[in-house]
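# Report on the structure
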Amino acid sequence: MDKTVIRRPVFEPHILEGICKTIGHTNDGLTGPEIGQTLRNCDMIDVDPSNTKWKRLYNAFAQWQNKNQCSNHVLKFIQVAMQPVRYIGKEAVFQDRRIELNKRLSFVGFELTETGKYRNINKSTTISEAEERANRFRHKLETRNVHRFIFDYCKAELLVENYFHSVFEAAKSIADRVRDITGLQNDGNALVETAFSTTAPLIKINELQNDTDRSEHIGLCNLIKGIFGLIRNPTAHEPKIKFIITEDEALDVMGTISYIHKRLDKIII
């Protein structure tokens, strides 16, 4: 190596293993030919080409680190493999892979940005710090521009990607906000029906001057009651193991809750 180049510390085995398992994931990682080509491009020896993908990478990285006593070419490999131009039409793959890599890189004080470049960060010392910096679920919510109240209510749950409790807390945020707006103390359907009464509404999203206005007003009321019935009530009474919520389902629910909050932003005082 050029003596003028800053020599980056060797990655500890558990960090190196995590990086290799992310890059060489059986289903979502680089292909075998991609691994071979990228190793050649980074001047690294493919010492174990017949092994499983992540072990093949691990052995190549470990061999280079042991010989050179630094991690420079491991970092180079990651950067070459994560060049954004490689992921045109596959943004979700890029973001998922980048976020998982950043969880590991955070322990050595690096973060891979969306431009494919590194930046220095304070090293993570705990799992929660690493998760907070590189949370896939939170990133997807931010990409969808969900309402800020989602993050206010779901911070702890989002950090551990707990979809079950995330949607539950987000649903609770609607009831709390309706109470804040109206001063009412009740809950559930009674709260929503009182707040959105068509005869003496405490919340108005329009002037209620015609059938179209009333239909829109009642529609938002029913949408809120639907969220309570679909998410808030079942998650409050069913154990997590019996109430399975996938990431895609959680994102869809969060989008609906975000829409409700955005409509409440526009109420007529």
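Residues numbered from 1 in each chain as written. Predicted model: local features only at pLDDT ≥ 70, side-chain atom pairs only at ≥ 80, totals over all residues. Heavy atoms only, no water.

### Details of the overall build of the protein
We count it as follows: Secondary structure counts use DSSP, requiring at least four H or I residues in a row for a helix and at least two E residues in a row for a strand, with both numbered from the N terminus. C-alpha atoms define the radius of gyration in this analysis, and the globule rule sets the expected value at 2.2 Å times the number of residues to the power 0.38. Type-normalised accessible area, obtained with a 1.4 Å probe on protein chains alone, sets the label of each residue: buried when under 20%, exposed when over 50%, and partly exposed for intermediate values. Note on contacts: a residue pair qualifies if any of its non-hydrogen atoms lie within 4.5 Å across the two residues. Accessible surface is estimated by sampling points in the Shrake-Rupley manner with a 1.4 Å probe; for residues, cover comes only from the protein chains shown. His is not counted here, nor are the chain ends, while Lys and Arg score as positive and Asp and Glu score as negative. Charged groups are reduced to one reference atom each: NZ for lysine, CZ for arginine, CG for aspartic acid, CD for glutamic acid.
Within the protein, the regular secondary structure consists of 12 helices and two strands. By the compact-globule yardstick of 18 Å for 269 residues, the protein is too spread out, its C-alpha radius of gyration being 25 Å. C-alpha atoms of the protein, sized along the principal axes, occupy 80 × 35 × 30 Å. Residues classed as buried in the protein amount to 46% of the 269 residues present. Long-range pairs, those at least 24 residues apart, make up 59% of the contacts in the protein with a sequence separation of at least 6. Summed over all atoms, the accessible surface of the protein reaches about 14,200 Å², with 51% contributed by carbon and sulfur. Each charge class in the protein can be summarised by its mean position, and for the 38 positive and 35 negative side chains these summaries are 6 Å apart.

### A look at the pattern of salt bridges
Heads up, the rule is: Whenever Lys or Arg places a side-chain nitrogen within 4 Å of a carboxyl oxygen from Asp or Glu, that contact is recorded as a salt bridge.
According to the stated counting rule, one finds 18 salt bridges in the structure shown. The partner of K140 in a salt bridge is D96, and the shortest N-O contact between them spans 3.9 Å. Taken together, the residues span a long stretch of sequence, with K140 in helix α7 (residues 136-143) and D96 in helix α5 (residues 91-105) at a distance of 44 residues. On the basis of relative accessibility, which here comes to 22%, the residue K140 falls in the partly exposed class. Residue classification places D96 among the partly exposed positions, given a relative accessible area of 25%. One salt bridge in this structure joins E169 and K172, with 3.4 Å as the shortest N-O distance. Separated by three residues within a single helix, E169 and K172 lie in helix α9 (residues 163-182), roughly one turn from each other. Here K172 falls in the partly exposed class, since its relative accessible area comes to 27%. Beyond isolated ion pairs, a larger network of salt bridges with shared partners links D96, K140 and E247.

### Some remarks on the confidence of the model for the protein
Stated formally: The pLDDT value tells you how sure the predictor is about a given residue, anywhere from 0 up to 100.
Per-residue confidence for the protein averages 88 on the pLDDT scale, and 92% of its residues sit at or above 70. Per-element mean pLDDT across the protein ranges from 75 in helix α6 (residues 127-133) up to 96 in helix α3 (residues 53-68).

### Regarding the nonpolar core
Threshold: In plain words, nonpolar cores are sets of buried Ala, Val, Leu, Ile, Met, Phe, Trp, Tyr and Cys residues tied together by side-chain atoms within 4.5 Å.
Counting 36 residues, the largest nonpolar core has L141 and F196 as the members making the most contacts within it. Secondary structure elements with two or more residues in this core: α7, α8 (148-159), α9, α10 (188-195), α11 (211-237) and α12 (247-264). Those residues in contact with F196, other than ones at most four positions away along the chain, are I203, H217, L220, C221, I224 and L264.

### As for the side chain of T182
Heads up, the rule is: Pairing of N or O atoms within 3.5 Å defines a polar contact, subject to two protein rules: one partner must be a possible hydrogen donor and the other a possible acceptor, and residues neighboring in sequence count only if both atoms are side-chain atoms.
Tracing the sequence through the fold places T182 in helix α9. On the basis of relative accessible area, T182 is assigned to the buried category, the value being 19%. A polar contact of 2.8 Å, which involves the side chain of T182, links it to the backbone oxygen of V178. For T182, the side chain forms a polar contact with the main-chain nitrogen of L184, separated by 3.1 Å.

### Considering the side chain of H139
Summarising the element assignment, H139 is placed in helix α7. Note on H139: relative accessible area 16%, which makes it buried. Filtering out sequence-adjacent residues up to four positions away, H139 remains in contact with Q95, R98, I99 and E114.

### Quick notes on the environment of A156
In this fold, A156 is placed in helix α8. Sequence spacing of A156 and T212 is 56 residues, and the spatial spacing of their C-alpha atoms is 40 Å.

### What about α10?
Worth spelling out the cut-off: Arc definition: it is the arc formed by the directions from the helix axis to the C-beta atoms.
Buried residues of α10: G188, L191, V192 and A195, and no others. Seen along its axis, α10 keeps its buried residues to an arc of 90°; they face one direction.

### Notes on the packing of aromatic side chains
For clarity, the cut-off: Aromatic rings from Phe, Tyr and Trp, taking only the six-membered ring of Trp, are treated as a pair when their centres fall within 6.5 Å; an angle between ring planes under 30 degrees marks them as stacked, one over 60 as edge-to-face, and anything in between as tilted. Definition used: whenever NZ (Lys) or CZ (Arg) falls within 6 Å of the ring centre and also within 35 degrees of the ring normal, the charge is taken to sit over that ring.
Applying the stated criterion to the full structure yields five aromatic pairs. Measuring from centroid to centroid gives 6.4 Å for W54 and Y58, while their planes differ by 75°, and the two rings are edge-to-face. Remark: Y58 and W54 occur in helix α3; sequence separation between them is four residues, near one turn of the helix. W54 sits in the partly exposed class, given a relative accessible area of 23%. Given the relative accessible area of 22%, Y58 is considered partly exposed. Ring centres of Y87 and F94 lie 5.2 Å apart, and the angle between their planes is 55°; this geometry places the pair in the tilted category. Taking relative accessible area as the criterion, Y87 reaches 7% and is therefore assigned buried. Over the face of the ring belonging to W54 we find K21, whose NZ or CZ atom lies 4.7 Å from the ring centre.

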